[in-house]
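Each chain, letter by letter, is given below.
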Amino acid sequence: MMTFQRLRLLARSLCSPALFAIGLALASSPAAAPAQGPFAGPSSRTMTVEVLDVGQGDSILIRSPEGKTALIDAGPSKDAAARLLKRKGVSTIDLVAISHHHSDHYGGMEQVIRVYKPRYFLASDSGHATKLYLRLLQAVEEEGITAVGPTSKPRKIQLGSVELTIFPQAPEDRREENNNSIGLRLQYGNFSMLLTGDSETNERKWWVQGHPELVRDCTILKLAHHGSRNGTDQRWLQLVKPELAVASLGKDNDYGHPHSETLSLLHKNRIPLLRTDQLGTITIESDGSDWKVVHPNLARRGKPTQDDVDRVAASSVDESPASARTASGKTSSSSRKTRRR
Amino acid sequence: MGPKGLDVPVRHSLTLDRFEGKTKQIAVMLTDDGESFNLPKSILPPTAKPGDILTLSLELDTEQTRDVADETRRVQGKLKERDPGGDLKL
(Lines give C-alpha, C1' and ligand atoms only; values in the text may rest on other atoms or scores of the structure.)
Protein backbone atom coordinates (compact mmCIF):
# COMPACT_ATOMS: atom_id res chain seq x y z
CA MET A 1 0.00 0.00 0.00
CA MET A 2 1.22 3.43 -0.85
CA THR A 3 1.14 5.51 2.29
CA PHE A 4 -0.88 8.66 2.42
CA GLN A 5 2.33 10.64 2.82
CA ARG A 6 3.69 9.21 -0.36
CA LEU A 7 0.47 9.92 -2.19
CA ARG A 8 0.59 13.49 -0.99
CA LEU A 9 4.16 13.68 -2.04
CA LEU A 10 3.19 12.29 -5.39
CA ALA A 11 0.59 15.01 -5.81
CA ARG A 12 2.96 17.68 -4.58
CA SER A 13 5.88 16.62 -6.63
CA LEU A 14 4.33 17.54 -9.93
CA CYS A 15 6.98 20.16 -10.37
CA SER A 16 9.56 17.46 -9.92
CA PRO A 17 8.97 14.77 -12.53
CA ALA A 18 11.75 12.58 -11.18
CA LEU A 19 10.21 12.53 -7.75
CA PHE A 20 6.78 11.87 -9.21
CA ALA A 21 8.15 8.92 -11.13
CA ILE A 22 9.51 7.55 -7.89
CA GLY A 23 6.15 7.76 -6.22
CA LEU A 24 4.70 5.76 -9.05
CA ALA A 25 7.50 3.29 -8.97
CA LEU A 26 6.89 2.75 -5.28
CA ALA A 27 3.23 2.38 -6.01
CA SER A 28 3.91 -0.43 -8.40
CA SER A 29 6.73 -2.20 -6.64
CA PRO A 30 6.05 -5.90 -7.18
CA ALA A 31 7.94 -6.76 -4.02
CA ALA A 32 5.15 -5.42 -1.86
CA ALA A 33 2.28 -6.25 -4.16
CA PRO A 34 -0.47 -8.63 -3.09
CA ALA A 35 0.24 -12.13 -4.33
CA GLN A 36 -2.59 -12.12 -6.84
CA GLY A 37 -3.39 -8.42 -7.05
CA PRO A 38 -3.29 -6.34 -10.20
CA PHE A 39 -0.17 -4.48 -9.30
CA ALA A 40 2.35 -6.62 -11.03
CA GLY A 41 0.41 -5.53 -14.12
CA PRO A 42 -3.25 -5.38 -15.08
CA SER A 43 -5.00 -8.70 -14.56
CA SER A 44 -8.47 -9.98 -15.32
CA ARG A 45 -9.59 -8.44 -12.03
CA THR A 46 -8.43 -4.93 -12.82
CA MET A 47 -10.91 -2.12 -13.34
CA THR A 48 -9.62 1.10 -14.84
CA VAL A 49 -10.83 4.68 -14.61
CA GLU A 50 -9.12 7.22 -16.84
CA VAL A 51 -9.73 10.91 -16.34
CA LEU A 52 -8.91 11.89 -19.90
CA ASP A 53 -6.97 15.01 -20.72
CA VAL A 54 -9.44 16.86 -22.92
CA GLY A 55 -8.45 20.39 -21.91
CA GLN A 56 -10.97 22.54 -20.07
CA GLY A 57 -13.79 20.02 -19.72
CA ASP A 58 -14.57 16.52 -18.50
CA SER A 59 -14.30 13.08 -20.05
CA ILE A 60 -13.90 9.93 -17.98
CA LEU A 61 -13.44 6.44 -19.35
CA ILE A 62 -14.34 3.42 -17.23
CA ARG A 63 -13.33 -0.09 -18.19
CA SER A 64 -14.57 -3.09 -16.24
CA PRO A 65 -12.48 -6.24 -15.78
CA GLU A 66 -14.83 -7.94 -18.26
CA GLY A 67 -14.05 -5.35 -20.94
CA LYS A 68 -17.28 -3.35 -20.58
CA THR A 69 -16.78 0.37 -21.14
CA ALA A 70 -18.52 3.56 -20.15
CA LEU A 71 -17.65 7.11 -21.13
CA ILE A 72 -18.85 9.87 -18.84
CA ASP A 73 -18.78 13.14 -20.83
CA ALA A 74 -16.70 13.82 -23.92
CA GLY A 75 -14.90 17.11 -23.38
CA PRO A 76 -15.33 20.40 -25.23
CA SER A 77 -13.88 19.82 -28.66
CA LYS A 78 -15.64 18.10 -31.51
CA ASP A 79 -13.36 15.13 -32.04
CA ALA A 80 -10.74 15.01 -29.27
CA ALA A 81 -12.54 12.38 -27.17
CA ALA A 82 -13.18 10.04 -30.10
CA ARG A 83 -9.56 10.41 -31.19
CA LEU A 84 -8.31 9.65 -27.67
CA LEU A 85 -10.51 6.57 -27.45
CA LYS A 86 -9.17 5.28 -30.77
CA ARG A 87 -5.61 5.85 -29.63
CA LYS A 88 -6.37 3.89 -26.46
CA GLY A 89 -7.61 0.96 -28.49
CA VAL A 90 -11.22 1.26 -27.38
CA SER A 91 -13.31 -0.62 -29.94
CA THR A 92 -16.74 -0.61 -28.33
CA ILE A 93 -18.55 1.51 -25.77
CA ASP A 94 -21.47 0.13 -23.81
CA LEU A 95 -22.65 3.31 -22.13
CA VAL A 96 -22.11 7.02 -22.65
CA ALA A 97 -23.34 9.63 -20.21
CA ILE A 98 -23.68 13.39 -20.38
CA SER A 99 -23.35 14.80 -16.88
CA HIS A 100 -25.18 17.99 -17.89
CA HIS A 101 -25.93 20.09 -20.93
CA HIS A 102 -22.83 22.30 -21.07
CA SER A 103 -20.60 22.01 -24.11
CA ASP A 104 -17.37 21.44 -22.17
CA HIS A 105 -18.93 18.10 -21.21
CA TYR A 106 -20.73 17.05 -24.40
CA GLY A 107 -18.84 18.86 -27.19
CA GLY A 108 -17.18 15.67 -28.39
CA MET A 109 -20.06 13.27 -27.73
CA GLU A 110 -21.77 13.48 -31.13
CA GLN A 111 -18.59 12.19 -32.75
CA VAL A 112 -18.35 9.39 -30.14
CA ILE A 113 -21.97 8.47 -30.85
CA ARG A 114 -21.39 8.38 -34.60
CA VAL A 115 -18.16 6.39 -34.40
CA TYR A 116 -18.93 3.96 -31.57
CA LYS A 117 -22.72 3.69 -31.58
CA PRO A 118 -22.87 2.88 -27.85
CA ARG A 119 -25.69 0.69 -26.52
CA TYR A 120 -26.95 3.18 -23.94
CA PHE A 121 -27.09 6.97 -23.66
CA LEU A 122 -27.56 8.47 -20.20
CA ALA A 123 -28.61 12.10 -19.78
CA SER A 124 -30.95 14.20 -17.72
CA ASP A 125 -34.04 15.72 -19.29
CA SER A 126 -33.10 19.23 -18.21
CA GLY A 127 -34.59 21.84 -20.50
CA HIS A 128 -31.27 23.65 -21.07
CA ALA A 129 -31.05 23.56 -24.83
CA THR A 130 -28.53 24.64 -27.44
CA LYS A 131 -28.34 23.87 -31.14
CA LEU A 132 -25.28 21.71 -30.45
CA TYR A 133 -27.03 19.67 -27.76
CA LEU A 134 -30.06 19.22 -29.98
CA ARG A 135 -27.79 17.85 -32.70
CA LEU A 136 -26.35 15.36 -30.21
CA LEU A 137 -29.84 14.17 -29.24
CA GLN A 138 -30.74 13.83 -32.90
CA ALA A 139 -27.63 11.67 -33.40
CA VAL A 140 -28.72 9.44 -30.49
CA GLU A 141 -32.16 9.15 -32.06
CA GLU A 142 -30.85 8.43 -35.56
CA GLU A 143 -28.42 5.76 -34.34
CA GLY A 144 -31.22 3.95 -32.50
CA ILE A 145 -29.45 4.13 -29.14
CA THR A 146 -31.37 3.28 -25.97
CA ALA A 147 -31.70 6.40 -23.83
CA VAL A 148 -31.88 6.17 -20.06
CA GLY A 149 -32.16 8.78 -17.36
CA PRO A 150 -32.17 9.31 -13.61
CA THR A 151 -35.29 8.23 -11.73
CA SER A 152 -36.79 9.18 -8.40
CA LYS A 153 -34.85 6.37 -6.72
CA PRO A 154 -31.19 5.41 -7.09
CA ARG A 155 -30.81 3.44 -10.31
CA LYS A 156 -28.09 0.86 -10.80
CA ILE A 157 -26.19 0.04 -13.96
CA GLN A 158 -24.10 -3.10 -13.83
CA LEU A 159 -21.10 -2.53 -16.08
CA GLY A 160 -19.78 -6.07 -15.85
CA SER A 161 -18.71 -6.35 -12.23
CA VAL A 162 -18.48 -2.56 -11.83
CA GLU A 163 -21.60 -1.00 -10.39
CA LEU A 164 -22.69 2.50 -11.31
CA THR A 165 -25.44 4.10 -9.26
CA ILE A 166 -27.31 6.98 -10.84
CA PHE A 167 -28.43 9.42 -8.18
CA PRO A 168 -32.01 10.64 -8.05
CA GLN A 169 -32.19 13.98 -9.80
CA ALA A 170 -32.66 17.17 -7.79
CA PRO A 171 -35.56 19.41 -8.90
CA GLU A 172 -34.59 21.12 -12.15
CA ASP A 173 -32.71 24.39 -11.72
CA ARG A 174 -33.73 26.53 -14.68
CA ARG A 175 -31.17 29.23 -13.94
CA GLU A 176 -28.06 27.12 -13.38
CA GLU A 177 -27.57 24.03 -15.50
CA ASN A 178 -24.65 22.91 -13.33
CA ASN A 179 -27.24 22.07 -10.67
CA ASN A 180 -28.87 19.63 -13.08
CA SER A 181 -25.76 17.44 -13.18
CA ILE A 182 -26.18 13.71 -13.00
CA GLY A 183 -24.59 12.14 -9.94
CA LEU A 184 -22.83 8.80 -10.28
CA ARG A 185 -21.16 6.55 -7.78
CA LEU A 186 -18.84 3.89 -9.13
CA GLN A 187 -18.38 0.89 -6.88
CA TYR A 188 -16.02 -2.01 -7.45
CA GLY A 189 -15.49 -4.08 -4.36
CA ASN A 190 -14.22 -1.70 -1.72
CA PHE A 191 -13.11 0.86 -4.29
CA SER A 192 -15.46 3.71 -5.11
CA MET A 193 -15.42 6.96 -7.03
CA LEU A 194 -17.81 9.89 -7.00
CA LEU A 195 -18.63 11.71 -10.23
CA THR A 196 -21.08 14.59 -10.04
CA GLY A 197 -20.40 16.65 -13.16
CA ASP A 198 -20.39 20.35 -12.32
CA SER A 199 -22.88 20.12 -9.43
CA GLU A 200 -22.93 23.30 -7.39
CA THR A 201 -23.86 23.85 -3.76
CA ASN A 202 -27.64 23.54 -4.11
CA GLU A 203 -27.61 20.21 -5.87
CA ARG A 204 -24.95 18.73 -3.60
CA LYS A 205 -26.91 19.89 -0.57
CA TRP A 206 -29.98 18.14 -1.96
CA TRP A 207 -28.08 14.87 -2.27
CA VAL A 208 -26.44 15.25 1.14
CA GLN A 209 -29.83 15.77 2.77
CA GLY A 210 -31.80 13.18 0.83
CA HIS A 211 -29.27 10.50 -0.10
CA PRO A 212 -26.16 10.79 2.06
CA GLU A 213 -25.47 7.07 1.67
CA LEU A 214 -24.74 7.59 -2.01
CA VAL A 215 -21.93 10.04 -1.46
CA ARG A 216 -20.53 8.83 1.85
CA ASP A 217 -17.00 7.40 2.02
CA CYS A 218 -15.76 7.36 -1.55
CA THR A 219 -12.19 6.36 -2.28
CA ILE A 220 -11.77 9.01 -4.97
CA LEU A 221 -13.66 12.25 -5.58
CA LYS A 222 -13.71 13.90 -8.96
CA LEU A 223 -13.99 17.52 -8.00
CA ALA A 224 -17.20 19.01 -9.33
CA HIS A 225 -16.94 21.91 -11.77
CA HIS A 226 -13.21 21.54 -12.47
CA GLY A 227 -12.18 22.62 -8.97
CA SER A 228 -14.37 25.72 -8.92
CA ARG A 229 -15.11 27.24 -5.52
CA ASN A 230 -18.77 26.32 -6.03
CA GLY A 231 -17.95 22.65 -6.74
CA THR A 232 -16.60 21.68 -3.32
CA ASP A 233 -17.45 22.53 0.27
CA GLN A 234 -16.46 21.38 3.73
CA ARG A 235 -19.64 19.43 4.41
CA TRP A 236 -19.25 17.58 1.13
CA LEU A 237 -15.66 16.62 1.88
CA GLN A 238 -16.57 15.52 5.41
CA LEU A 239 -19.19 13.17 4.04
CA VAL A 240 -17.29 11.86 1.03
CA LYS A 241 -13.98 11.53 2.92
CA PRO A 242 -11.97 10.89 -0.23
CA GLU A 243 -8.47 9.49 -0.08
CA LEU A 244 -7.68 11.32 -3.30
CA ALA A 245 -9.29 14.09 -5.37
CA VAL A 246 -8.89 14.45 -9.11
CA ALA A 247 -9.76 17.47 -11.24
CA SER A 248 -10.21 17.74 -14.98
CA LEU A 249 -9.29 21.15 -16.35
CA GLY A 250 -7.25 22.95 -18.97
CA LYS A 251 -3.88 24.50 -18.40
CA ASP A 252 -4.02 28.28 -17.83
CA ASN A 253 -7.79 28.22 -18.27
CA ASP A 254 -9.73 31.49 -18.39
CA TYR A 255 -11.81 30.67 -15.32
CA GLY A 256 -9.03 30.39 -12.76
CA HIS A 257 -9.80 26.69 -12.09
CA PRO A 258 -9.00 25.27 -9.69
CA HIS A 259 -9.98 28.11 -7.38
CA SER A 260 -7.78 28.85 -4.39
CA GLU A 261 -10.70 28.25 -2.00
CA THR A 262 -10.98 24.66 -3.25
CA LEU A 263 -7.26 24.07 -2.91
CA SER A 264 -7.37 25.43 0.64
CA LEU A 265 -10.25 23.13 1.56
CA LEU A 266 -8.40 20.11 0.21
CA HIS A 267 -5.26 21.14 2.04
CA LYS A 268 -7.17 21.64 5.27
CA ASN A 269 -8.70 18.18 4.94
CA ARG A 270 -5.36 16.65 3.91
CA ILE A 271 -6.71 15.37 0.62
CA PRO A 272 -4.15 15.11 -2.18
CA LEU A 273 -5.18 16.39 -5.59
CA LEU A 274 -4.18 15.19 -9.04
CA ARG A 275 -4.95 17.50 -11.99
CA THR A 276 -5.15 16.78 -15.70
CA ASP A 277 -3.73 20.22 -16.50
CA GLN A 278 -0.53 19.17 -14.78
CA LEU A 279 -0.44 15.41 -15.40
CA GLY A 280 -2.42 14.85 -18.57
CA THR A 281 -4.66 11.81 -18.45
CA ILE A 282 -4.89 10.34 -14.95
CA THR A 283 -5.31 6.57 -14.81
CA ILE A 284 -6.50 4.75 -11.74
CA GLU A 285 -6.57 0.98 -11.45
CA SER A 286 -8.24 -1.15 -8.80
CA ASP A 287 -8.82 -4.81 -8.13
CA GLY A 288 -11.59 -3.96 -5.71
CA SER A 289 -9.27 -4.13 -2.75
CA ASP A 290 -6.18 -2.08 -3.63
CA TRP A 291 -5.90 0.84 -5.99
CA LYS A 292 -3.13 2.85 -7.57
CA VAL A 293 -2.55 5.79 -9.83
CA VAL A 294 -0.81 5.01 -13.09
CA HIS A 295 0.82 7.54 -15.34
CA PRO A 296 2.16 5.85 -18.44
CA ASN A 297 4.37 8.70 -19.64
CA LEU A 298 6.18 8.98 -16.36
CA ALA A 299 6.23 5.27 -15.69
CA ARG A 300 8.26 4.88 -18.85
CA ARG A 301 11.06 6.88 -17.32
CA GLY A 302 12.44 3.80 -15.66
CA LYS A 303 13.33 2.62 -12.21
CA PRO A 304 14.34 5.13 -9.55
CA THR A 305 17.82 5.08 -8.14
CA GLN A 306 18.38 4.22 -4.48
CA ASP A 307 19.08 7.93 -3.88
CA ASP A 308 15.68 8.80 -5.25
CA VAL A 309 13.99 6.26 -3.01
CA ASP A 310 15.83 7.59 0.02
CA ARG A 311 14.73 11.13 -0.82
CA VAL A 312 11.09 10.02 -0.97
CA ALA A 313 11.37 8.14 2.30
CA ALA A 314 13.01 11.12 4.00
CA SER A 315 10.36 13.49 2.71
CA SER A 316 7.61 11.17 3.87
CA VAL A 317 8.78 11.39 7.45
CA ASP A 318 8.00 15.10 7.42
CA GLU A 319 4.40 14.34 6.57
CA SER A 320 3.73 12.30 9.70
CA PRO A 321 0.42 13.96 10.70
CA ALA A 322 -1.14 12.70 7.53
CA SER A 323 -0.31 9.10 8.30
CA ALA A 324 -3.50 8.87 10.30
CA ARG A 325 -5.33 8.79 6.99
CA THR A 326 -3.72 5.60 5.70
CA ALA A 327 -6.26 2.93 5.11
CA SER A 328 -4.96 0.11 7.21
CA GLY A 329 -2.28 1.71 9.29
CA LYS A 330 0.56 0.10 7.38
CA THR A 331 3.27 2.44 6.32
CA SER A 332 4.81 0.86 3.29
CA SER A 333 3.55 -1.26 0.49
CA SER A 334 2.96 -1.03 -3.22
CA SER A 335 -0.56 0.27 -3.63
CA ARG A 336 -3.30 1.75 -1.51
CA LYS A 337 -5.71 -0.52 0.26
CA THR A 338 -9.26 0.79 0.00
CA ARG A 339 -11.08 1.46 3.23
CA ARG A 340 -13.89 -0.94 4.03
CA ARG A 341 -17.01 0.83 2.89
CA MET B 1 -40.55 37.94 -25.69
CA GLY B 2 -39.02 39.63 -22.70
CA PRO B 3 -40.28 42.82 -21.06
CA LYS B 4 -41.00 45.54 -23.60
CA GLY B 5 -37.95 47.53 -24.57
CA LEU B 6 -35.44 44.99 -23.25
CA ASP B 7 -35.16 42.95 -26.44
CA VAL B 8 -33.75 45.72 -28.61
CA PRO B 9 -30.33 45.05 -30.15
CA VAL B 10 -27.32 46.11 -28.10
CA ARG B 11 -24.51 47.69 -30.09
CA HIS B 12 -20.85 47.95 -29.11
CA SER B 13 -18.13 49.90 -30.84
CA LEU B 14 -14.93 47.87 -31.00
CA THR B 15 -11.47 48.41 -32.39
CA LEU B 16 -9.67 45.50 -34.00
CA ASP B 17 -6.36 45.76 -32.18
CA ARG B 18 -4.38 42.87 -33.69
CA PHE B 19 -4.35 39.26 -34.78
CA GLU B 20 -2.78 36.64 -32.53
CA GLY B 21 -2.27 32.87 -32.42
CA LYS B 22 -0.15 30.44 -34.39
CA THR B 23 -2.01 31.16 -37.61
CA LYS B 24 -3.16 34.66 -36.68
CA GLN B 25 -6.76 33.48 -36.47
CA ILE B 26 -7.54 35.16 -33.16
CA ALA B 27 -8.75 38.74 -33.43
CA VAL B 28 -8.10 40.82 -30.32
CA MET B 29 -10.88 43.39 -29.96
CA LEU B 30 -10.73 46.48 -27.79
CA THR B 31 -13.73 48.19 -26.24
CA ASP B 32 -13.77 51.96 -25.84
CA ASP B 33 -13.08 51.37 -22.13
CA GLY B 34 -9.86 49.59 -22.97
CA GLU B 35 -11.01 46.05 -22.18
CA SER B 36 -9.97 43.41 -24.62
CA PHE B 37 -11.45 40.10 -25.68
CA ASN B 38 -10.86 37.60 -28.44
CA LEU B 39 -13.00 36.67 -31.41
CA PRO B 40 -12.29 34.13 -34.13
CA LYS B 41 -11.05 35.99 -37.21
CA SER B 42 -13.45 33.87 -39.25
CA ILE B 43 -16.51 35.73 -37.98
CA LEU B 44 -15.14 39.19 -38.85
CA PRO B 45 -15.78 40.89 -42.18
CA PRO B 46 -13.10 39.47 -44.52
CA THR B 47 -11.49 42.85 -45.20
CA ALA B 48 -11.16 43.86 -41.52
CA LYS B 49 -7.61 44.83 -40.56
CA PRO B 50 -5.96 46.03 -37.35
CA GLY B 51 -7.05 49.57 -36.52
CA ASP B 52 -10.51 49.16 -38.06
CA ILE B 53 -13.51 50.07 -35.93
CA LEU B 54 -16.35 47.57 -36.01
CA THR B 55 -19.85 47.56 -34.59
CA LEU B 56 -20.90 44.44 -32.71
CA SER B 57 -24.67 44.13 -32.56
CA LEU B 58 -26.27 41.56 -30.25
CA GLU B 59 -29.94 40.74 -30.39
CA LEU B 60 -32.00 38.05 -28.71
CA ASP B 61 -33.43 35.65 -31.27
CA THR B 62 -36.49 34.58 -29.35
CA GLU B 63 -38.02 32.68 -32.23
CA GLN B 64 -34.99 30.46 -32.76
CA THR B 65 -34.57 30.05 -29.00
CA ARG B 66 -38.14 28.78 -28.77
CA ASP B 67 -37.76 26.51 -31.80
CA VAL B 68 -34.60 24.87 -30.45
CA ALA B 69 -36.16 24.44 -26.99
CA ASP B 70 -39.33 22.93 -28.47
CA GLU B 71 -37.43 20.56 -30.76
CA THR B 72 -35.15 19.50 -27.89
CA ARG B 73 -38.21 18.69 -25.76
CA ARG B 74 -39.71 16.72 -28.64
CA VAL B 75 -36.57 14.60 -29.17
CA GLN B 76 -36.11 14.14 -25.41
CA GLY B 77 -39.68 12.86 -25.25
CA LYS B 78 -39.09 10.37 -28.05
CA LEU B 79 -35.85 9.16 -26.46
CA LYS B 80 -37.57 8.74 -23.12
CA GLU B 81 -39.93 6.24 -24.70
CA ARG B 82 -36.92 3.99 -25.32
CA ASP B 83 -35.95 3.86 -21.63
CA PRO B 84 -36.60 0.28 -20.47
CA GLY B 85 -36.82 1.46 -16.83
CA GLY B 86 -35.37 -0.20 -13.75
CA ASP B 87 -31.79 -1.26 -13.17
CA LEU B 88 -29.63 -2.22 -16.12
CA LYS B 89 -27.12 -4.99 -16.67
CA LEU B 90 -24.62 -4.38 -19.46
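Residues numbered from 1 in each chain as written. Chains lettered and ligands numbered in written order. Predicted model: local features only at pLDDT ≥ 70, side-chain atom pairs only at ≥ 80, totals over all residues. Heavy atoms only, no water.

Draft legend 1. Fine view of the interface of chain A and chain B. Facing 33 residues of chain A, the contacting portion of chain B comprises 20 residues. Here chain A meets chain B over a buried area of about 2,200 Å², counting both sides, of which 57% is carbon and sulfur. On the chain A side of the contact with chain B, Leu-134, Glu-141 and Arg-155 of chain A bury the most area, a combined 25% of that side's loss. Linking chain A with chain B are four salt bridges. Here chain A and chain B share 15 residue pairs in polar contact (both at pLDDT 80 or more) between them. Among the elements that make up the side of chain A that touches chain B, the one with the highest residue count is helix H6 (residues 131-142) of chain A (seven residues). (Contact = heavy atoms within 4.5 Å. Buried area = accessible area lost by both parts, 1.4 Å probe. Salt bridge = Lys/Arg side-chain N within 4 Å of Asp/Glu carboxyl O. Polar contact = N/O pair within 3.5 Å; in protein donor to acceptor, adjacent residues only side chain to side chain. Helix = DSSP H or I, 4+ residues; strand = E, 2+ residues; numbered from the N terminus.)

Draft legend 2. Here's a closer look at empty space enclosed by the protein. All told, the structure shown has two cavities of 30 Å³ or more when counted by the stated rule. What the largest cavity holds in volume is close to 60 Å³. Its residues assigned to classes, the lining of the largest cavity shows six nonpolar, three polar and three charged. (1 Å grid on protein atoms, 1.4 Å probe; cavity = no way out; pocket = protein on both sides within 12 Å on 5 of 7 lines; lining within 4 Å. Points joined across faces, edges and corners; volume = space filled by probe spheres on them. Nonpolar A, V, L, I, M, F, W, Y, C, P; charged D, E, K, R; others polar.)

Draft legend 3. Quick look at the sheet that holds strand E8 (residues 162-166) of chain A. A sheet is described by the order of its strands in space; here eight strands give the open sequence E13(A)-E12(A)-E11(A)-E10(A)-E9(A)-E8(A)-E7(A)-E5(B), paired in mixed fashion. Where the open sheet ends on each side, the last strands, each with one partner, are strand E13 (273-275) of chain A together with strand E5 (88-89) of chain B. The sheet contact formed by strand E12 (residues 244-247) of chain A and E13 of chain A spans three bridges and is parallel. Counted as the bridge partner of Ala-245 of chain A is Leu-273 of chain A from E13 of chain A. (Pairing = 2+ DSSP bridges.)

Draft legend 4. Layout of helix H3 (residues 80-87) of chain A. All names here are of chain A. Turning to H3, its buried residues are Ala-80, Ala-81, Ala-82, Leu-84 and Leu-85. Looking at the buried residues of H3, the elements they touch are strand E2 (60-63), strand E3 (69-72) and helix H5 (109-116). One or two residues past the end of H3 sits Gly-89, with phi positive at roughly 80°. (Buried < 20%, exposed > 50% of the residue type's maximum accessible area, 1.4 Å probe, protein only.)

Draft legend 5. Just the confidence of the model for chain B, in detail. Looking at chain B as a whole, its pLDDT mean stands at 92, while 93% of the residues score no less than 70. Interface scoring of the predicted complex returns ipTM 0.81; its pTM is 0.81. (pLDDT = per-residue confidence, 0-100.)

Draft legend 6. Spatial organisation of the environment of Leu-184 of chain A. All names here are of chain A. Structurally, Leu-184 can be placed in strand E9 (residues 184-188). The class of Leu-184 is buried, set by a relative accessible area of 3%. The residues touching Leu-184, leaving out its near neighbours within four places in the chain, are Ile-72, Leu-122, Thr-165, Ile-166, Phe-167, Met-193, Leu-194 and Leu-195.

Draft legend 7. Quick peek at the pairing of E3 of chain A. Residue and element names in this part refer to chain A. Residues Thr-69 and Leu-71 line one face of E3 and the alternating positions Ala-70 and Ile-72 line the opposite face, and both faces are buried. Where E2 meets E3, four bridges bridge the pair, whose relative direction is antiparallel. Within the sheet, the bridge partner assigned to Leu-61 lies in E3 and is Leu-71. Counting the residues that bridge the hairpin from E2 to E3 gives five residues, and of these Gly-67 lies at a positive phi of roughly 90°. Across three bridges, the pairing between E3 and strand E4 (residues 95-97) is parallel.

Draft legend 8. Quick look at the layout of surface pockets. Looking at the largest pocket, its volume works out to about 390 Å³. In terms of lining, the largest pocket is formed by 20 residues, of which the most central are Ala-123, Ser-124, Asp-125, Gly-149 and Pro-150 of chain A. For the lining of the largest pocket, the secondary-structure elements that each account for two or more residues are H6 and strand E6 (146-148) of chain A together with helix H1 (62-80) of chain B. No other element matches the three residues that H1 of chain B contributes to the lining of the largest pocket. A class-by-class count of the residues in the lining of the largest pocket yields 10 nonpolar, six polar and four charged.

Draft legend 9. Main features of unusual backbone geometry. Residues and elements named next belong to chain A. Cis geometry marks the peptide bond from His-257 to Pro-258, where omega comes out at -5°. For Pro-258, the location among the structural elements is in the loop between E12 and helix H10 (260-268). One non-glycine residue, Asp-73, lies in positive phi territory at about 70°. Assignment of secondary structure puts Asp-73 in the loop between E3 and H3. On the basis of relative accessibility, which here comes to 1%, the residue Asp-73 falls in the buried class.

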